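Results of the structural survey
So the chains spell out like this:
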Amino acid sequence: MKRSTTSADRSHRLWAVAFWIAVWQLLAMAVGQRVLLASPLETAKRLVELIPTLEYWRSILFTLGHILAGFLAACLAGTLLAALSARFGRIAELLAPLLATIRSIPVASFVIVALIWVPSRRLSVLISFLIAMPIVYAGVLDGIRSADPQLIEMARIFRMTPFNRLAYLYLPSILPRFATSAGVAIGLAWKSGVAAEVIGIPGGSIGEKLYRAKIYLATPDLFAWTLTIVALSVLCERAIRALLALAQRRMEGR
């Protein structure tokens, strides 16, 4: 039953994807100018030409490494700050205006200010961190606060060790929320990180390739690199969710 449901979901997704590709093709034919809108076939052709090149994979590794570094730092910092905020109310009060400010400031403003202090090659790490950290923080803090207070009180009465409290009381509540927030955070980290690269133009990055495609009006290149970014973002999100789901099953002893 589960397999048939999964197959039906996949067929529906493929139908939706095929529909929007057809719309894209019709729009490209209606516009009739490659510079303004490259067709799916032109984009696919350019992508096939890029994939075998060493420069393509170097750019992917550069951007992937920097964005993942910022995301992992955001997960670590967000989790630590959430734990401190749950333990000490004053820290939560102190962080609230700062995190609200970070959420409301546009990415472009962050990038321009950060360029004064950070080399352009490290810019995407910082921007990915700043965008992802508040999301992870909110998810972990919500998970900690939603733990059953009666079970926590019982653990104190029976003097349960801190490790067992974490493993049996807090993690079951934190992990689902962390998985959701991390999935959202990695997608935003990719968007903001690549945007930072487009503005900072570090050599060898995906952002640099997008910028040069725009300068030279190479619309198929622009679309091909955009599809690459979408694919990498989706793969990262699915990998993170799969790892966290595996960790949750292991923890539950399945």
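Structure shown above.
Keep in mind that what you see is a predicted model, and the values were worked out from it rather than measured.

Let us now look at the packing of aromatic side chains. Tallied over the full model, the rule gives 5 aromatic pairs. Taking the centre distance of 5.0 Å and the plane angle of 80° together, the rings of Phe19 and Trp20 count as edge-to-face. Measuring from centroid to centroid gives 5.2 Å for Tyr56 and Trp57, while their planes differ by 90°, and the two rings are edge-to-face. A relative accessible area of 6% means that Tyr56 is categorised as buried. By relative accessible area, Trp57 is classed as partly exposed at 44%. One aromatic cluster is present, built from ring pairs that chain together Trp15, Phe19 and Trp20.

Turning our eyes to something else, we now look at helix α4 (residues 89–104). Spanning 16 residues, α4 covers 23 Å between terminal C-alpha atoms, matching the ideal 22 Å at 1.5 Å per step. Along its length, α4 reaches its greatest deviation from straightness, about 30°, at Ala96, and the proline Pro97 lies no more than four positions downstream. Taken together, the buried positions of α4 are Ala92, Leu95, Leu99 and Ile102. Buried residues belonging to α4 abut α3 (54–87), α5 (107–117) and α6 (123–145).

Here we come to the side chain of Ser173. Within the secondary structure, Ser173 sits in helix α8 (residues 162–200). Taking the relative accessible area as the measure of exposure, Ser173 reaches 10% and is therefore buried. For Ser173, the side chain forms a polar contact with the main-chain oxygen of Gly143, separated by 2.6 Å. Each residue touching Ser173, except ones within four places of it in the same chain, is listed here: Gly143, Ser146 and Ala147.

Another aspect to go through is the pattern of salt bridges. One pass over the structure, following the stated rule, counts 8 salt bridges. Notably, a salt bridge pairs Asp142 with Arg177, separated by 2.9 Å at the nearest N-O pair. Here Arg177 lies in helix α8 and Asp142 lies in helix α6, a separation of 35 residues in the sequence. For Asp142, a relative accessible area of 42% gives the class partly exposed.

On to the environment of Gly193, then. Relative to the helices and strands, Gly193 is located in helix α8. For Gly193, a relative accessible area of 0% gives the class buried. In this structure the C-alpha to C-alpha distance between Gly193 and Leu126, which are 67 residues apart in sequence, comes to 8.3 Å. In contact with Gly193, other than residues within four places in its own chain, are Ile67, Ser124 and Ser128.

So, about a nonpolar patch on the surface. Together, Val31, Val35, Leu36 and Leu217 line one region of the surface with nonpolar side chains, adding up to about 360 Å² of accessible area. Overall, Leu217 belongs to the exposed group, its relative accessible area being 54%.

Two numbers describe how α5 lies on α6: the axes approach to 10 Å, and their chain directions differ by 135°. The angle between α5 and α6 falls in the class oblique. Considering how the two elements wind past one another, α5 and α6 form a crossing that is right-handed. Residues Val107, Phe110, Val111, Ala114 and Leu115 of α5 lie in contact with α6, whose contacting residues are Leu123, Leu126, Ile127, Leu130 and Ile131. Of the residues belonging to the contact of α5 with α6, the class tally is 10 nonpolar, no polar and no charged.

Angle between the axes and distance between the axes are the two parameters that describe a pair of packed helices. The N-to-C vectors of α3 and α4 enclose an angle of 125°; their axes lie 5 Å apart at closest approach. Considering their axes alone, α3 and α4 lie oblique with respect to each other. Between α3 and α4, the contacting residues are Leu81, Leu84, Ser85 and Arg87 on the first element and Gly89, Ile91, Ala92 and Leu95 on the second. Grouping the amino acids of the contact of α3 with α4 by side-chain chemistry returns 5 nonpolar, 2 polar and 1 charged.

Each value, and the rule that gives it
- Residues numbered from 1 in each chain as written.
- Predicted model: local features only at pLDDT ≥ 70, side-chain atom pairs only at ≥ 80, totals over all residues.
- Heavy atoms only, no water.
- Phe/Tyr/Trp six-rings, centres within 6.5 Å; stacked < 30°, edge-to-face > 60°.
- Buried < 20%, exposed > 50% of the residue type's maximum accessible area, 1.4 Å probe, protein only.
- Helix = DSSP H or I, 4+ residues; strand = E, 2+ residues; numbered from the N terminus.
- Expected span 1.5 Å × (residues − 1).
- Bend = angle between axes of the 7 residues up to and from the residue.
- Contact = heavy atoms within 4.5 Å.
- Polar contact = N/O pair within 3.5 Å; in protein donor to acceptor, adjacent residues only side chain to side chain.
- Salt bridge = Lys/Arg side-chain N within 4 Å of Asp/Glu carboxyl O.
- Patch = residues over 30% accessible without salt bridge, like charges linked within 9 Å, V, L, I, M, F, W, Y side chains within 5 Å.
- Areas by Shrake-Rupley, 256 points an atom, 1.4 Å probe, with all protein chains shown as cover.
- Axes fitted to C-alpha atoms, helices over the stretch in contact; angles between N-to-C directions.
- Parallel < 35°, antiparallel > 145°, perpendicular 65-115°, else oblique.
- Left-handed = near helix turned anticlockwise from the far one by under 90°.
- Nonpolar A, V, L, I, M, F, W, Y, C, P; charged D, E, K, R; others polar.

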